[in-house]
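Here are the chains, one letter per residue:
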Amino acid sequence: MPVTWGYLILASLALLSLFRPIWHVHMPRFVAFLTLLPFQILSLVTILTNGYLYFSLTASFLIHFHFLPLLFYFAFSRVIETLDLVLFCRLFKQGMFWIALYGIALFIIKTVTGRFIEIPFLTTNFDDFGQLDKKHINRGLIFKLVSTYNNGNIFGVCQLLILPLYQYLETRKWPLFWVKTALILTFSRTIWFGLIFHELVQALFIKKKGTYLVVLSFFVLVLFSFFVIVLDFPLSFIFDPSLGRRTEAIEILNRLSLFSVEPFYGIHEMVYYWIFYAFGIFGLVTFLIPFFFPFVYQLIQKAPHPFQWAVSLGLLNYYFLCLADGAISLIPTMAFFWFLASLLFRKNETIPYDLVPKHSYPP
């Protein structure tokens, strides 16, 4: 598991929280953490009982489901409640745009020159330096867009998690165009379908325009034709009946029971299936409750702020992506997820309504 600056900062802040009184118990976050406790206990008991195969995958799981929730639900609770949202939104918009633009530039440079731009610890993980050509980002004629994530799927998953929030904050069309273009250039079926899902949700529940669906359908058809005819992509790439050999894993479902008896193998592409495989039926149930709790909590609010709606739709995008590839064991996916989940529990009265003046996003 590579070390990144983001996780080093998180670890440093976690250590700092032990010496400074920044811990704060906010009731909705406390309830959210309580819903997670059964899964944490069950997963720990299962791993201790059955053992594990790979230390790195086990450590990643423990960090993502035992350590990070503590940080975002408790240690960083006061920080998230008092966060200057005006400043945050300004920095967030800039970061989202420049990460996408850098990814597109890197994609063009790699396509034209055959080389990546690599700056260790800044644009490239130390473990990946000089190794990007060996990663699973080669599509034959071209390489996936990876930006600073060194992996096209992780880039796409993380961007789709925060894309609804960006689309709420960014009222200009051209920056949004480049952000979505970067997602298309990942050449990932999961990301493509995730982007289509995002656009459908926006069309049906946000824009509420039938003509938008027609335009979207036409755009998807043109894009599909371009890849198949111009780039000579085989149809099997887009409509792969094996889902990238993911369906092979389903053959072992008949060995599962209420509790798993298999050594912990990690949580891989199809998140719900691998939770089922790793921890059994009870494990899947205890996972789904805290996983969906932040989104359900938002749904039952009487007067949700549009900012909160945008955050919750990012989680909805991720729930959909987890059907195929949620990159749940990889940095920094779950850091994004738990941050957004904790942000959802922020009190509406602390969110200024003029974050996006004259925006049409529904309340």
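Residues numbered from 1 in each chain as written. Predicted model: local features only at pLDDT ≥ 70, side-chain atom pairs only at ≥ 80, totals over all residues. Heavy atoms only, no water.

Q: So what's going on with the overall build of the protein chain? Which residues, and what values?
A: When you go through the protein chain residue by residue, the secondary structure sums to 13 helices and zero strands. Listing every helix and strand of the protein chain by position from the N terminus yields α-α-α-α-α-α-α-α-α-α-α-α-α. When the 363 residues of the protein chain are sorted by exposure, 50% land in the buried category. Considering only residue pairs separated by 6 or more positions, the protein chain has 73% of its internal contacts joining residues 24 or more positions apart. (Helix = DSSP H or I, 4+ residues; strand = E, 2+ residues; numbered from the N terminus. Buried < 20%, exposed > 50% of the residue type's maximum accessible area, 1.4 Å probe, protein only. Contact = heavy atoms within 4.5 Å.)

Q: Kindly report on the pattern of salt bridges, identifying the contributing residues and their values.
A: What the rule picks out here adds up to three salt bridges. Between Glu 81 and Arg 29 there is a salt bridge; the shortest N-O distance is 3.0 Å. Of this pair, Glu 81 sits in helix H4 (residues 77-82) while Arg 29 sits in helix H2 (residues 27-50), placing them 52 residues apart in sequence. Residue Glu 81 is classed as buried on the basis of its relative accessible area, which comes to 11%. (Salt bridge = Lys/Arg side-chain N within 4 Å of Asp/Glu carboxyl O.)

Q: Break down the nonpolar core for me, citing the residues and quoting the values.
A: In terms of nonpolar packing, the biggest core is built from 92 residues, with Ile 267, Phe 307, Tyr 318 and Trp 338 touching the most fellow members. It is helix H11 (residues 271-299) that contributes the most residues to this core, 14 residues altogether. In this structure, Tyr 318 is in contact with Val 157, Leu 161, Phe 291, Gly 326, Ala 327, Ile 328, Thr 333, Met 334 and Phe 337, ignoring residues within four places of it in sequence. (Core = buried A, V, L, I, M, F, W, Y, C linked by side-chain atoms within 4.5 Å.)

Q: Describe the side chain of Gln 167, with residues and values.
A: Counting through the fold element by element, Gln 167 comes out in helix H6 (residues 152-169). Take Gln 167: its relative accessible area is 8%, and that puts it in the buried class. Here Lys 180 takes part through its side chain, which lies 3.5 Å from a polar atom of the side chain of Gln 167. (Polar contact = N/O pair within 3.5 Å; in protein donor to acceptor, adjacent residues only side chain to side chain.)

Q: How would you summarise the packing of aromatic side chains if you had to cite specific residues and measurements?
A: Counted by the stated rule, this structure contains 46 aromatic pairs. With a centroid separation of 6.3 Å and 75 degrees between ring planes, the pair formed by Tyr 272 and Phe 291 is classed as edge-to-face. Their ring planes at 65 degrees and their centres at 6.5 Å tell us that Tyr 319 and Phe 337 sit as a pair that is edge-to-face. Taken as a pair, Tyr 319 in helix H12 (residues 306-321) and Phe 337 in helix H13 (residues 333-344) lie far apart in primary sequence, 18 residues in all. Residue class for Tyr 319 comes out buried when judged on its relative accessible area of 4%. Overall, the relative accessible area of 0% leaves Phe 337 in the buried class. (Phe/Tyr/Trp six-rings, centres within 6.5 Å; stacked < 30°, edge-to-face > 60°.)

Q: For the environment of Pro 38, give the residues involved together with the corresponding values.
A: Looking at the element boundaries, Pro 38 is found in helix H2. Sequence spacing of Pro 38 and Phe 287 is 249 residues, and the spatial spacing of their C-alpha atoms is 8.3 Å.

Q: Go over empty space enclosed by the protein with me, naming the residues and quoting the values.
A: As enumerated under the stated definition, the model contains one cavity of 30 Å³ or more in all. Gly 103, Leu 106, Phe 107, Lys 110, Phe 116, Phe 143, Lys 144, Leu 145, Val 146 and Ser 147 together form the lining of the largest cavity. Taken together, the residues that form the lining of the largest cavity break down as six nonpolar, two polar and two charged. (1 Å grid on protein atoms, 1.4 Å probe; cavity = no way out; pocket = protein on both sides within 12 Å on 5 of 7 lines; lining within 4 Å. Points joined across faces, edges and corners; volume = space filled by probe spheres on them. Nonpolar A, V, L, I, M, F, W, Y, C, P; charged D, E, K, R; others polar.)

Q: Can you break down a nonpolar patch on the surface residue by residue, with the values?
A: On the surface, a cluster of nonpolar side chains totalling about 520 Å² of accessible area is made up of Leu 258, Phe 259, Ile 281, Phe 282, Val 285 and Ile 289. Topologically, Phe 259 is positioned in the loop between helix H10 (235-238) and H11. Judged by its relative accessible area of 42%, Phe 259 is partly exposed. (Patch = residues over 30% accessible without salt bridge, like charges linked within 9 Å, V, L, I, M, F, W, Y side chains within 5 Å. Areas by Shrake-Rupley, 256 points an atom, 1.4 Å probe, with all protein chains shown as cover.)

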